[in-house]
Amino acid sequence: MPIITTAAITTLLSVLATKGLEKAFETGGEKISEGAFNWLKSLFYKENEPKKILKELQESPDNEEKISNARAIITNSIEDNSTFENYLKEFLENLPQIENNISHSKNVNTGNVNISGNFRIGDDYGK
């Protein structure tokens, strides 16, 4: 089980803001229980439309105040009913894995460096 941290909840909110609930978990949708899905949906959607906080988060996904407000909604819900913590863990386990790939950059070393003398990556490295 993943440890629930502020960063984990923030990651969940980021995925929710950029993709929406249905698309965020469509590839692993069978892994999310109906109870967990309905819980998160009830927090951020009303009549299948995003609530104000989610709309604001979608407009400004890097706004710390909006993230904090959305995070508070989740934590308050868990404080009201501890069962929801298991739902949150379920979502965190099924978050899409983020992979960073860098290609076609002169500033990245992807191999071993066995050289004598000066070695620089990119333009004016170390100046």
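Residues numbered from 1 in each chain as written. Predicted model: local features only at pLDDT ≥ 70, side-chain atom pairs only at ≥ 80, totals over all residues. Heavy atoms only, no water.

Asks: Honestly, the packing of aromatic side chains in this entry has me stumped. Any pointers?
Replies: Aromatic ring pairs are reported here in terms of the distance separating the ring centres and the angle at which the planes meet. In total, this model carries three aromatic pairs according to the counting rule given. Geometrically, the ring pair formed by Trp39 and Phe84 is stacked, given 5.5 Å between the ring centres and 25° between the ring planes. With Trp39 in helix α3 (residues 34–44) and Phe84 in helix α6 (residues 83–93), the pair connects residues that are 45 residues apart, well separated along the chain. Note on Trp39: relative accessible area 4%, which makes it buried. Ring pairing ties together the aromatic residues Trp39, Phe84 and Tyr87, which thus form one cluster. (Phe/Tyr/Trp six-rings, centres within 6.5 Å; stacked < 30°, edge-to-face > 60°. Helix = DSSP H or I, 4+ residues; strand = E, 2+ residues; numbered from the N terminus. Buried < 20%, exposed > 50% of the residue type's maximum accessible area, 1.4 Å probe, protein only.)

Asks: How should the packing of helix α1 (residues 6–19) against α6 be read in this particular structure?
Replies: Look at α1 against α6: their axes get within 10 Å of each other, and the N-to-C directions meet at 70°. The angle between α1 and α6 falls in the class roughly perpendicular. In the crossing of α1 with α6, the sense of the turn from one axis to the other is left-handed. Every residue of α6 that contacts α1 at Ala8, Ile9 and Leu12 is listed here: Leu88, Phe91 and Leu92. (Axes fitted to C-alpha atoms, helices over the stretch in contact; angles between N-to-C directions. Parallel < 35°, antiparallel > 145°, perpendicular 65-115°, else oblique. Left-handed = near helix turned anticlockwise from the far one by under 90°. Contact = heavy atoms within 4.5 Å.)

Asks: What should I look at first to understand the pattern of salt bridges in this one?
Replies: Any two side chains of opposite charge can pair if their charged atoms end up close together. As enumerated under the stated definition, the model contains four salt bridges in all. The partner of Arg71 in a salt bridge is Glu64, with the nearest N and O atoms 3.3 Å apart. With a closest N to O distance of 4.0 Å, Lys89 and Glu85 form a salt bridge. Residue Lys89 and its partner Glu85 are both found in helix α6; the two are separated by four residues, about one turn of the helix. The class for Lys89 is buried, based on a relative accessible area of 19%. For Glu85, a relative accessible area of 32% gives the class partly exposed. (Salt bridge = Lys/Arg side-chain N within 4 Å of Asp/Glu carboxyl O.)

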